[in-house]
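The chain contents come next:
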Amino acid sequence: MLLRHTTTEIKERKALTVNPAKTCQPIGAMYASLGIHGCLPHSHGSQGCYAYHRSALTRHYKEPVLAATSAFTEGASVFGGQANLLQAIDNMFTVYNPDVIAVHTTCLSETIGDDIPQIVNKARAEGKVPEGKYVIHTNTPSYVGSHVDGFANMTRSMVDYFSESTGHKEKTINLIPGYVEPCDMEEIRRIAGELGIRTIMFPDTSKVLNGPMTGKYRMYPEGGVTTDALKKTGDSMGTVAMGALASGPAARALDAKCKVPCEIIDLPIGLHATDMLIDTLRQVAGVNVPESLTFERGQMVDIISDMHQYFYGKRVGLVGDPDQVLALTKFLVSLDMCPAYIITGTPAGKKYEKALREVTKDVPGEVKIKVPGDMLLFHQWIKQEPVDLLIGNTYVKYIARDEDIPFIRHGFPILDRVGHSYFPTVGYRGGMRLLEKILDALLDRKDRDSTDIEFELVM
Amino acid sequence: MTSIPILREREGQIYQKGREPFKMSCGKHSLAGSVSQRACVFCGSRVVLYPIADALHLIHGPIGCAAYTWDIRGALSSGPTLHRYSFSTDLREKDVIFGGEKKLYSALCQLIDAHQPKAAFVYSTCIVGIIGDDVEAVCKKVAKEKGIPVLPVHSEGFKGTKKDGYQAACDALFKLVGEGPTEAVSPCSINILGEFNIGGEAWMIRDYYKRMGVEVVSVMTGDGRVDDVRRSHGAALNVVQCSGAMTFLAEMMKERFGTPYIRVSYFGLEDQSKALYDVAAHFSDHPEIMAKTREIVREEISAVYPELQRIKPDLEGKRAAIYVGGAFKAFSLIKALRYLGMDVVLAGSQTGNEADYEMLRDMCDDGTVILDDANPLELSKYIIEKKADLFIGGVKERPIAFKMGIGFCDHNHERKIPLAGYEGMLNFAREVHATVTSPVWKFAPKAVIS
Ligand code: SF4
Ligand code: SF4
């Protein structure tokens, strides 16, 4: 009983978050920045935040995560961080030689109100930015939104800084994959490739945060979208953005800036959402769906039909980032499962909550939803009435253990397992993996709990 | 191998023994634009106070600071587990504009009512310092209303380094010291300071002293309890783990209560034995304690000795690189690695001072690189140049070592097993052995930089 202080009785809490189901903006911005090739993320603030952000990403991806800091002192906190940032830009280009420096702010620099574009212009005027190199920025005050907003903001800044339209449309499609794992980004690209579509994906952390062991330490690994590709996004014939919260702002900005029409769809988690992705790509690019994808789809449907009896009516508790949670909820409902408790820590808004309600309107029994909520409330709900399965990040493991409920790790962060950065959960193949995980969890439990009489070889 | 440029401003923080006259310029703030591996004031206070399991730890600030420090250190508790929750005022934009005092007040009241903690620690993070909340006043008010100590921890990140966070934590703790009854405390009694019970280390060390016949009044702060801290001034001696984190408290207790202190390390056979002997020597009026201590040391060493001897030949002549937080940890590590027959080719720390580095210089062999506040590029450069087989560091260093195809041992946050004490030395030797001799390194080419 690790969470023995959790009470069953629920009291309204306004001023207090206990066991958060979110974290702060800069880490999302840092993650997005790492999806640009040759980019060094830079945290404009004091060094503590950035040390935490790097550690958290390192723990989740088990990869070196580089970023630099403005290393604010008390002086900078009073007089502003201009001198620090100017020196930082100079030092970074001299020593670490990145193609791009992606600056994000912390609470501190936000509150004292540093004007980053002005400082960057000054750096450029003073010759601190070498020819052909870039400094981009985004504002990420942590007292607004969550890590998801940080990701969305940095992704939008890629558009603001790089996208250009030459007036000549190319036959490429932009893909904005959302706040997903590096392997998910790769899988989305593969699917588009199967459809025969030329794509530009941004951000793209595949091969950056799931790289191979080569005996080499590379400051800038192979992957990531290049600045050239980013510029060309303005000439693409369309944009498909996945996950309204994480990818919507960039997609809309690109439409406004370069007149690239966008489709904003769910993260392609589960059968229906993957169908949506493929159908959207098909329409935007004017292509036909190849047999290979139809085959994968058939395999996924086959698994569901083989095992549908085990999904039926199972109550699930779900915590995570809003785009993920929405897609997962739809998927669970389509499996005849009952998402009973749904929490996201990110303040995702009324419209989002309404969407969740809409998806779960036919789920039998009461569906409890809290946006934004925290894991204490989630635990309290479970104490009042348990569920059959939990899905969420590593922190959910305390609840799973205390309440003895099967648990699948999904989302950010996952600190105690591997696999999430290598094996996708998007697309049909990712869906099959999710099905396998759900079934493993439920059936292992059934095996464990059944009496000698009920214990069966074939399930 | 390509050469790596070193920032000119950093040249004074890198030293190769035997090459040039030694003058480490340390204690400097990290350079803007550096990829420093250092953390902040808040981080320092959080790690020191974190293991007090029956206290409330409320982080006043935006969500990140609380989220990132939620149960990241496995400081075990034998009883309550309130410290494993993450409580945050989760400041929003509106609070930043209008101030967060009301929110803090209401959060504190709700939490104290719900959990009945023995005391509450309120950590101020950067932004609280900037918006100027009067945390002190709110704490005072709540303390009065709820009848428990509510202690502000002034840990605004930008106000210094992790070390300043240790000081802030000690300041907060010191407010508890002297508040409890001491009649029942034995004349042969100690406090253990700077031990955080990672993987149950405090339990082992506590047990050694108990077996010597010395009463342990409190461990600060491993498996900590508020009431123990309150009566800790009754102890005859403070035994401070060399990490440096709690020397401040020992100093304050010496000044106010006259409690003497000694510094020890629990890492490695040699230092651990010294830690016991030094305490025994302090109680020389009770010779039975020294006799008992000799017996314990003999017993404990003979229990681990045979296996250590079996491990040693495999490690003979292997090269280790050390990059840790406090310099004192490096001293013990060097001794322990030498005991295992290994050479230390790089020794660095995030927060060492001049005296620390002089000590390091004296301990190290010629050619050893000594580093202050290093970055990953420098670390990897010297790992290659010095052909290290093992890296000892923290979270951010782990994947760097692995990418370069050498072994790694965590001596910081992420350790799961106790490395202190006699058993701990054996654990350490096993871990080093497992990682350095892992067959996986045969599958990867050795490190080069590109
Ligand atoms: S530097 Fe400040 S804001 Fe950042 S983690 Fe430390 S206390 Fe929090
Ligand atoms: S919440 Fe703000 S202050 Fe805290 S770690 Fe995040 S950026 Fe830093």
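Residues numbered from 1 in each chain as written. Chains lettered and ligands numbered in written order. Predicted model: local features only at pLDDT ≥ 70, side-chain atom pairs only at ≥ 80, totals over all residues. Heavy atoms only, no water.

- You'll find chain B entered in an unreviewed UniProt entry as Nitrogenase iron-molybdenum cofactor biosynthesis protein NifE, with Desulfonema ishimotonii given as the organism.
- We quote the UniProt Sequence similarities (unreviewed entry) comment for chain B here in full: "Belongs to the NifD/NifK/NifE/NifN family."
- Under the Pathway (unreviewed entry) heading, UniProt states for chain B: "Cofactor biosynthesis; Fe-Mo cofactor biosynthesis." (UniProt positions renumbered as here; feature names shortened; annotations may be inferred.)

- Per an unreviewed UniProt entry, chain A goes by the name Nitrogenase molybdenum-iron protein subunit beta and belongs to Desulfonema ishimotonii.
- A UniProt comment under Sequence similarities (unreviewed entry) is attached to chain A, and it reads "Belongs to the NifD/NifK/NifE/NifN family."

### Notes on the overall build of chain A
Then step 1. Looking only at helices and strands, one finds 17 helices and 15 strands in chain A.
Then step 2. Counting only C-alpha atoms, chain A reaches 80 × 55 × 45 Å along its principal axes.
Then step 3. Within chain A, the proportion of its 459 residues that are buried is 63%.
Then step 4. Expressed as a percentage of contacts within chain A between residues at least 6 apart in sequence, the contacts between residues at least 24 apart total 75%.
Then step 5. Roughly 17,200 Å² of accessible area belongs to chain A as shown, and the carbon and sulfur atoms make up 51% of that amount. (Helix = DSSP H or I, 4+ residues; strand = E, 2+ residues; numbered from the N terminus. Buried < 20%, exposed > 50% of the residue type's maximum accessible area, 1.4 Å probe, protein only. Contact = heavy atoms within 4.5 Å. Areas by Shrake-Rupley, 256 points an atom, 1.4 Å probe, with all protein chains shown as cover.)

### Regarding the side chain of Thr233(A)
Then step 1. For Thr233(A), the location among the structural elements is in the loop between helix H9 (227–232) and strand E9 (238–242).
Then step 2. When sequence neighbours within four positions are dropped, the list of residues in contact with Thr233(A) reads Ser163(A), Asn174(A), Ile200(A), Phe202(A), Leu254(A) and Val260(A).

### Description of the domain arrangement of chain A
Residues and elements named next belong to chain A.
Then step 1. Each domain of chain A was delimited in the assignment, giving domain 1 (25–144), domain 2 (170–292) and domain 3 (306–449).
Then step 2. For domain 2 and domain 3, the distance between their C-alpha centres works out to 25 Å.
Then step 3. Counting residues at the interface gives 25 residues for domain 2, matched by 24 residues for domain 3.
Then step 4. Across the domain 2/domain 3 interface, buried area totals approximately 2,100 Å², and carbon plus sulfur atoms make up 61% of it.
Then step 5. The interface formed by domain 2 and domain 3 holds one salt bridge in total.
Then step 6. The salt bridge partner of lysine 330 is aspartate 266, with a shortest N-O separation of 2.4 Å.
Then step 7. Where domain 2 meets domain 3, there are 10 residue pairs in polar contact (both at pLDDT 80 or more).
Then step 8. Among the secondary structure elements, those contributing two or more residues to the side of domain 2 that touches domain 3 are helix H8 (182–194), helix H10 (244–258) and helix H11 (271–285). (Domains from an automatic or database assignment. Buried area = accessible area lost by both parts, 1.4 Å probe. Salt bridge = Lys/Arg side-chain N within 4 Å of Asp/Glu carboxyl O. Polar contact = N/O pair within 3.5 Å; in protein donor to acceptor, adjacent residues only side chain to side chain.)

### Examining the site of ligand 1
Then step 1. Near ligand 1, the surroundings consist of Ser46(A), Gly48(A), Cys49(A), Tyr52(A), Cys40(B), Phe42(B), Cys65(B), Thr125(B), Cys126(B) and Gly157(B).
Then step 2. One chain alone does not account for the residues near ligand 1; they come from chains A and B.
Then step 3. Split into classes, the residues belonging to the shell around ligand 1 amount to six nonpolar, four polar and no charged. (Near = heavy atom within 4 Å. Nonpolar A, V, L, I, M, F, W, Y, C, P; charged D, E, K, R; others polar.)

### Section: the pairing of E9(A)
Residue and element names in this part refer to chain A.
Then step 1. Here E9 lies mainly inside the structure; five of its five residues are buried.
Then step 2. Burial of the side chains of E9 extends over both faces: Gly238, Val240 and Met242 are buried on one face and Thr239 and Ala241 on the other.
Then step 3. The pairing of strand E6 (residues 172–176) with E9 spans four bridges and is classified as parallel. Paired with isoleucine 176 across the strands is alanine 241, a residue of E9.
Then step 4. Alignment of E9 against strand E10 (residues 262–265), held across four bridges, turns out to be parallel. Bridge pairing links valine 240 to glutamate 263 in E10.
Then step 5. Regarding topology, H10 serves as the crossover connection from E9 to the parallel E10, and that connection is right-handed. (Pairing = 2+ DSSP bridges. Right-handed = clockwise from strand over helix to strand, strands pointing away.)

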